[in-house]
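# Secondary and tertiary structure notes
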There are 2 protein chains.
Amino acid sequence: MIRFKNGTVLTLNNSCEPQSCEVWTEGDKIAFVGNPTDEQLKNTAFEREIDLEGDLLMPSFKNAHTHSAMTFLRSYADDLPLHDWLHKQVFPMEAKLTGEDVYWFTKLAILEYLSSGITASFDMYFELDDYVKANVESGFRTVLCGAVSGERENAKVLEERYLKYNGLKHPLISMQLGFHAEYTASFGLMEDIAALAEKYKAPVSMHSSETADEVWGCRERYGKTPTELFESLGLYNYGGAAFHCVHLTKEDEMILAARGVWAVTNPCSNSKLSSGVAQVAHMMDMGINMAIGTDGAASNNALDMFREMYLLSMLQKIEEMDAAAMPAEDVIKMACTGSALAMGLTDCDCIAPGKQADLLVIDLKKPNMQPLNNTVKNLVYSGSKQNVRLTMCAGNILYENGVYRIGEDEQRIYARCNELADSLKAR
Amino acid sequence: MIRFKNGTVLTLNNSCEPQSCEVWTEGDKIAFVGNPTDEQLKNTAFEREIDLEGDLLMPSFKNAHTHSAMTFLRSYADDLPLHDWLHKQVFPMEAKLTGEDVYWFTKLAILEYLSSGITASFDMYFELDDYVKANVESGFRTVLCGAVSGERENAKVLEERYLKYNGLKHPLISMQLGFHAEYTASFGLMEDIAALAEKYKAPVSMHSSETADEVWGCRERYGKTPTELFESLGLYNYGGAAFHCVHLTKEDEMILAARGVWAVTNPCSNSKLSSGVAQVAHMMDMGINMAIGTDGAASNNALDMFREMYLLSMLQKIEEMDAAAMPAEDVIKMACTGSALAMGLTDCDCIAPGKQADLLVIDLKKPNMQPLNNTVKNLVYSGSKQNVRLTMCAGNILYENGVYRIGEDEQRIYARCNELADSLKAR
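Nothing here was measured: the structure is a model prediction, and the numbers come from that model. In every chain, residue numbers begin from 1 and rise along the written sequence. Here the convention is simple: chains get letters from A, ligands get numbers from 1, in the order in which they are written. Per-residue local features of the predicted model are confined to residues with pLDDT of at least 70, and side-chain atom pairs are confined, for both listing and counting, to 80 or more; whole-chain, interface and lining totals are unaffected and use all residues.

## A look at the overall build of chain A
Helix and strand labels come from DSSP, where a helix needs a run of H or I of at least four residues and a strand needs a run of E of at least two; each type is numbered from the N terminus. Counting secondary structure elements, chain A contains 15 helices and 19 strands. For this measure, only C-alpha atoms enter the radius of gyration; the expected value for a globule follows 2.2 Å times N^0.38, where N is the number of residues. Computed over the C-alpha atoms, the radius of gyration of chain A is 21 Å, within 12% of the 22 Å expected from 2.2 N^0.38 for a compact globule of 427 residues. Referenced to the eigenvectors of the C-alpha coordinate spread, the extents of chain A come out at roughly 70 × 45 × 45 Å. Exposure in this text rests on C-beta crowding, where 20 or more other C-beta atoms within 10 Å of a residue's own make it buried, 12 or fewer make it exposed, and counts in between make it partly exposed. The C-beta atoms are placed from the backbone. Within chain A, the proportion of its 427 residues that are buried is 59%. Counting contacts in chain A only where the partners sit at least 6 residues apart, residues at least 24 apart contribute 75% of the total. Contact criterion: two residues are in contact if their C-beta atoms, reconstructed from the backbone, are within 7 Å.

Here it is in C-alpha cells:
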C-alpha cells in the first residue's frame, strides 16, 4: 500500500474541484480516497508514505492518438509544405524502419509521455511485437489501434493481431480494431473490417477528416464524406474513435454524436501541418464525445499534454471569438477522462476506489502555479512539464522528481536513438 | 572568468547554426567565443568551469512586453468575456495594489522568467520604485516603459520618471518613454509626449491595435487608426515599440516599417482574450521589425517564452494555410535578438565578445530534444522550461538546475504572494 497524504486531490469523479483528502494505492489499483480515521491508519501497513506537501494529485493524462515510434522523425523535416513533408520525408524514412528501431524510439516516446504526466497511449503503428515489448518492459499502458492499410495487409491480418494481442491478457496491453484511413484503404478492406466489428461487437478507429483534401478525395471516390462512408458500411455500429476530425459537416457531427464515436482532437499536429482548426467547442455542444491526442512527434513535435491542452483552449477562444470558450475544466476532463474512455480504458478515467492507479502529482511550488488562485485554471493556462512531480501507471511509480524507473537508463535510450536515427538516414 | 566548455553554441551573431566552441564570460560581459589555443588556456584563470556535456548555450530570451506584477491575477478570473474580465475583475483589483504588492509579485514574475530562460523585461506598470527594487535585488534586467494614462498623470510626471530612472545609471535599469494606449490618453497628453520624444530624440512605446474595438474607437474619435494618429503626432519620429499590433491596416504597416517601429507580438495573451491573431508572417514580409512579449500573467497566464514562441509559429501556419510559414529560425531570432533591440538593449542581442553575458544553457538530454536531428527546430517545436539548465544575466548565474540565486528564498516569495493575494481580495 502506498499512501499519498497532506495534499489536495482532483478526482474528476463527478467533480472538478480539488479536495483535501488522501489517496492510497494497493497493487495496481486505487484502494482508498478520503480522510482516514485513526483506526484505519492503525490497521494499515504502508510500504511507502508520500508527503504531498500541499501538492495536487490527479488522474494521469491519456494520449488518445499517437504514433509513438515516430520520435525518430522529430525535427527532421519541419517547416515544409505538407505534401513534401509526407511524400519526400516521412514515407521514405518509414519504409526503412525495423523492429529494433520501433522498440527504441517507442522507449524514447515513453520517457517523454511520463515527464508530461501521460500513462497510456492509443497507438497506431507497425512492428507490433517490438512495440509491445518496449511498453511492457517500461511498465507503460498502451492500447494498440489496428493500422492496416493499402494492399499488403487485409482484414485477416488485422483479426489475427486483434486476437493475438488481446489474447496476451496482459494488464497493460490491449488492442482495438482499426485501419489507417479511407484514403489508404480499399472499399473491400473497409467492408471486411466492418464485418469484424460485427463479429466481435467491437468499436473501430481510424484517421478521419484530417485535411480538406482528404474529404474532397473521399467525396470524389464515393460521393460521401469519410464519416458518411464509415457509417454506411456499419464501421461505427459499436462506436470507435475518429482521429483529427478537423473538417466535418453537420451530417458528420450528427453521425458521431448518435453513434457515441469519440472525436480525438490533435491541435498541435493540425496546427503545425496547417491542416486547420477542429471545431471542438461546437462538437461538444453537439453532444460528441471528445478526447485529446498528441499525434506522432514527426508532426507535433512534442509529446506533451500540457501543450496540447493549452493550444486546444487557445484555438477555440480565437475561433469562437469568445474568451469564455473552452474553459479549463472541460479541457482537463477531456485529457484525463475522455481520452481514457476513447481507448476503452474504463478503469483509468478518474481517482476512485477500485480504479487503476494511473495518476500524477503536480508540483504547485513552482512560480507558474503561484499564487494559488485556481489550480485547475493554472493546470491548463500556465501548467507545464516542469510541474510533473510524479507519474504512476498501474500502481508503479515510473517517474519521480525527474528520475525515470522504466528498467532502462535514459541516457542509453538517447544514445541508441541517435545511432539509429543516423543509420536510418544512411540506409 | 567563467568558462563554458564541451558544448555547442547558438550565437545568433549572423548565424542560426549551432557551432562547436567555448564561451567565456568576465564580469557582466562575454569575453571570448571560439576554440581557445593551449596558450590562451594556460594564461587564463577561471573562477568556474562549466562542462556543458554536449548541451547548447544560446542568448537568453527577452520579454518585450509585460506587466510583471500582474502575477497576482494569474488564474483569478479566466474564461470570462473580455469586458467582464477587464472592468469587473482586473481594474477593481489593480486599484487596490500597493508598492509592497508590486514588489513581491514582481519577484514572483522574475522566478518564472528565469525558469523560462528570460533575462530582461520591457515592463509597463506602476509603483516603479518598488518594481525597480525587486529587479535590482534579484539581479534581473528591466527596461521600464512609461505607463502614464488618464487624467491623474501627465507628461511632466513621465519626464520626471524618465530622468530619474535613467539617471540611476544602474547597469540593469533603464527607462523608455511611453504611455498606456490611445484609449486611455487625452489628445493633449499624446501631444506632450511627442514633444518629449523630440526633446530627447527618444523612441515612444505603447499598446496599439490590440483589439478591433480599440481601432474602431480611435477612428470614431480622430478619424485615424491608432498608428496613423501616433504618426501624425510625431510619436514615432525616433521609433518605439507598438505592443500587440493585432489589427493593422496596410497603411499602418507601411508607417511601422518606414519608422523602424518594433511590432511586439503577444500570441498567448491575444489568444486567451480572443483579441485575434497578429499577421506576423505578413508583417515580416512588409519589413517590420518584430519582437515577442508575454504580456502580464492576468491574460496569459504563464510567463514562458517557449510557449510564446510555439504558439506564434502555430498561429501563423494556420493563418497562412502554409506549414512552411514562420520557420523556427525566425522565431528564435525574434525572441532573443528582436526583443532585446525592441527595448533598446543593443548589447544583449547575441553571443559575441563585448556583449552583455545574458545567456542560457539548454539541456538537450531530455526526451523532447532527442534525437538530435535539429536543435533549433527542437527549441521552438518541442522545447520547454524543462530544458532550461542555466540562466545568466549580466554575468551572474541566477538559475541553475532548478535552483534560484536571486537573494531570496522562493518559498518565501510564494508564501508572501499568497498572503497578499488573499488580502487583496479582502481589501
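So much for the structure itself; the text now carries on.
## Quick look at the domain arrangement of chain A
Residue and element names in this part refer to chain A. How far each domain reaches was decided by an automatic or database domain assignment. Segmentation of chain A into domains returns domain 1 (2–59 + 348–404) and domain 2 (61–342). Spacing between the C-alpha centres of domain 1 and domain 2 amounts to 28 Å. At the level of secondary structure, the elements contributing two or more residues to the side of domain 1 that touches domain 2 comprise β7 (56–59), α14 (375–381), β17 (388–393) and β18 (396–400). Counting residues per element, the side of domain 1 that touches domain 2 draws most heavily on α14, at five residues. Residues are grouped as follows: nonpolar covers Ala, Val, Leu, Ile, Met, Phe, Trp, Tyr, Cys and Pro; charged covers Asp, Glu, Lys and Arg; every other residue, Gly included, is treated as polar. Grouping the constituent residues of the side of domain 1 that touches domain 2 by class yields 17 nonpolar, four polar and five charged.

## Section: the nonpolar core
If you look at the biggest cluster of nonpolar residues, it comprises 282 residues, and the most contacted ones within it are I193 of chain A together with I193 of chain B. Leaving out residues up to four positions away in the same chain, I193 of chain B has contacts with A155, L158, L177, F179, V204 and L235 of chain B. Throughout this description, the term nonpolar core refers to a group of buried Ala, Val, Leu, Ile, Met, Phe, Trp, Tyr and Cys residues whose C-beta atoms join them within 7 Å.

## Thoughts on the interface of chain B and chain A
Across the contact, 54 residues belong to chain B and 54 residues belong to chain A. Looking at the side of chain B that touches chain A, the elements with two or more residues in it are α2 (82–94), α3 (99–115), α10 (267–272), α12 (305–319), α14 (375–381) and α15 (410–426) of chain B. Top contributing element to the side of chain B that touches chain A by residue count: α12 of chain B, with six residues. Per-class residue counts for the side of chain B that touches chain A are 27 nonpolar, 15 polar and twelve charged.

## A look at the relation of the copies chain B and chain A
Of the transformation placing chain B onto chain A, the axial shift is 0.0 Å and the rotation is 180°, giving an RMSD of 0.0 Å. When the rotation and shift are considered jointly, the pair of chain copies conforms to a two-fold rotation axis. In terms of proximity to the rotation axis, the leading residue of chain B is Q386 of chain B, whose C-alpha is 2.7 Å off the axis. Copy-to-copy alignment: least squares on C-alpha atoms, limited to residues at pLDDT 70 or above in both.

## Examining the pairing of strand β5 (residues 29–34) of chain B
Residues and elements named next belong to chain B. Two strands make a pair as long as DSSP finds a minimum of two bridges between them. Two strands pair when backbone bridges link them, and strand β4 (residues 22–26) and β5 are joined in this way by five bridges, in the antiparallel orientation. Among the inter-strand pairings, T25 is bridged to a residue of β5, identified as I30. Here β4 folds back onto β5, and the loop between the two strands holds two residues, one of which, G27, carries a positive phi near 60°.

## Some details on helix α12 (residues 305–319) of chain A
Working rule for helices: expected span equals 1.5 Å times residues minus one. Compared with the 21 Å implied by 1.5 Å per residue over 15 residues, the 21 Å span of α12 of chain A between its first and last C-alpha is a close match. With its phi angle positive at about 50°, M321 of chain A sits one or two positions after the end of α12 of chain A.

## Comments concerning the environment of D130 of chain B
Residues and elements named next belong to chain B. Structurally, D130 can be placed in helix α4 (residues 128–138). On the neighbour-count criterion, D130 (21 C-beta atoms within 10 Å) is buried. Here the alpha-carbon distance between D130 and K164, two residues 34 residues apart in the chain, equals 14 Å. Contact partners of D130, with chain neighbours within four places excluded, come to G99, E100, V102 and Y103.

## Side note on the confidence of the model for chain A
Each residue carries a pLDDT value, the predictor's own confidence for that position, ranging from 0 to 100. Per-residue pLDDT for chain A averages 96, and the proportion of residues at 70 or more is 99%. This complex was scored by the predictor with a pTM of 0.97 and an ipTM of 0.96.

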